[in-house]
Amino acid sequence: VFFLGLAVLFFAHQGTGHIDARTQEFIGDWHPVQLPPILFLNTALLVLSSLTIEIARRNIFRELDVVEEWLGLGRPALRRALPWLAATLVLGLLFVAGQWTAWRQLTAQGFAFDHWATPAVYFFYLITGVHAVHLVLGILALISALGGLALLRKVETRQIAIDCLSWYWHAMGLAWIGLFALLAMG
């Protein structure tokens, strides 16, 4: 809902401006920001990470593995899911590093987040920053899940943990695709 609110404000603010006192003409304040090219790579990384976490989730839910675990034959589902969870973690960290790089590139182009910035620049930093914070929270949850999966005794508890984490991760991926499209249009 928060991201939807940002999108509404983004569109509403595009029509803002002021009246020139001399000419009595409306002058728009919105000057679109040229997106740093690394954002396209970041988007691909996030889509790929959504795929890796989905593979991990499906490996946790394999019935035969659950039966083996109930019979005391080890934790095959967990062993198969861990590399995919680790890959998701790496891809998520690369995404956040890519966002940091995009901010640095934008600042180097003269679009710093300061009192001289245009509304479009403020919205770029606000939208990408808020999403990055949410993704960092997902990364922290992923790290906790990776550490906690070995400690969780019940198969069902591990499945619920990975299922909830994957839904959050997918939601952040979908939110980013929407926000990225919004930024590309604006």
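Residues numbered from 1 in each chain as written. Predicted model: local features only at pLDDT ≥ 70, side-chain atom pairs only at ≥ 80, totals over all residues. Heavy atoms only, no water.

Asker: Describe the overall build of the chain, naming the residues involved and giving the relevant values.
Answerer: Helix and strand content of the chain: six helices and two strands. Secondary structure of the chain in N-to-C order comes out as α-β-β-α-α-α-α-α. The 186 residues of the chain split such that 43% are buried. Of the contacts formed within the chain by residues at least 6 apart in sequence, a portion of 76% connects residues at least 24 apart. Here the chain displays about 10300 Å² of accessible surface, and carbon together with sulfur accounts for 71% of that area. (Helix = DSSP H or I, 4+ residues; strand = E, 2+ residues; numbered from the N terminus. Buried < 20%, exposed > 50% of the residue type's maximum accessible area, 1.4 Å probe, protein only. Contact = heavy atoms within 4.5 Å. Areas by Shrake-Rupley, 256 points an atom, 1.4 Å probe, with all protein chains shown as cover.)

Asker: Provide a residue-level description of the pattern of salt bridges, including the pertinent values.
Answerer: For the structure on display, the rule yields three salt bridges. Arg57 is paired through a salt bridge with Glu54; the nearest N and O atoms lie 2.8 Å apart. In this pair, Arg57 and Glu54 are both assigned in helix α2 (residues 38-60), three residues apart and thus about one turn of the helix distant. Using a relative accessible area of 16% as the deciding quantity, one classes Glu54 as buried. A salt bridge links Arg57 to Asp163; the nearest nitrogen and oxygen atoms lie 3.4 Å apart. Note that Arg57 is positioned in helix α2 and Asp163 in helix α6 (residues 155-185), a separation of 106 residues in sequence. A relative accessible area of 22% means that Asp163 is categorised as partly exposed. (Salt bridge = Lys/Arg side-chain N within 4 Å of Asp/Glu carboxyl O.)

Asker: I'd like to hear about the side chain of His170, residue by residue, with values.
Answerer: By secondary structure assignment, the location of His170 is in helix α6. Judged by its relative accessible area of 17%, His170 falls in the buried class. Setting aside residues up to four positions removed in sequence, His170 forms contacts with Ser50, Ile53 and Glu54.

Asker: Give a description of the environment of Leu140 that names residues and reports values.
Answerer: Structurally, the position occupied by Leu140 is in helix α5 (residues 119-149). Looking at Leu140, the relative accessible area reads 49%, which means it is partly exposed. Distance in space between the C-alpha atoms of Leu140 and Leu89 is 9.2 Å, their sequence separation being 51 residues.

Asker: Break down the nonpolar core for me, with residues and values.
Answerer: Core analysis: the largest hydrophobic core is formed by 43 residues, its most contacted members being Phe3, Leu39, Leu85, Phe124, Ile127 and Trp176. For this core, the elements supplying multiple residues, two or more each, are α1 (2-13), α2, α4 (76-108), α5 and α6. With 13 residues, the single largest contributor to this core is α5. When residues no more than four places from it in sequence are discounted, the contact partners of Leu85 are Ile53, Ala56, Leu142, Leu146, Leu149 and Ile162. (Core = buried A, V, L, I, M, F, W, Y, C linked by side-chain atoms within 4.5 Å.)

Asker: Account for a nonpolar patch on the surface, naming residues and giving values.
Answerer: Among the surface-exposed residues, Val133, Val136, Leu137, Leu140 and Ile143 lie close enough to one another that they form a single nonpolar patch of about 430 Å² accessible area. Summarising the element assignment, Ile143 is placed in helix α5. Ile143 sits in the partly exposed class, given a relative accessible area of 44%. (Patch = residues over 30% accessible without salt bridge, like charges linked within 9 Å, V, L, I, M, F, W, Y side chains within 5 Å.)

Asker: Before we move on, could you go through the environment of Thr118 and cite the residues and values that matter?
Answerer: Looking at the secondary structure, you find Thr118 in the loop between α4 and α5. Taking the C-alpha atoms as reference points, Thr118 and Pro32, 86 residues apart in sequence, are found 8.8 Å from one another. Excluding residues within four positions of it along the chain, Thr118 makes contact with Asp29 and His31.

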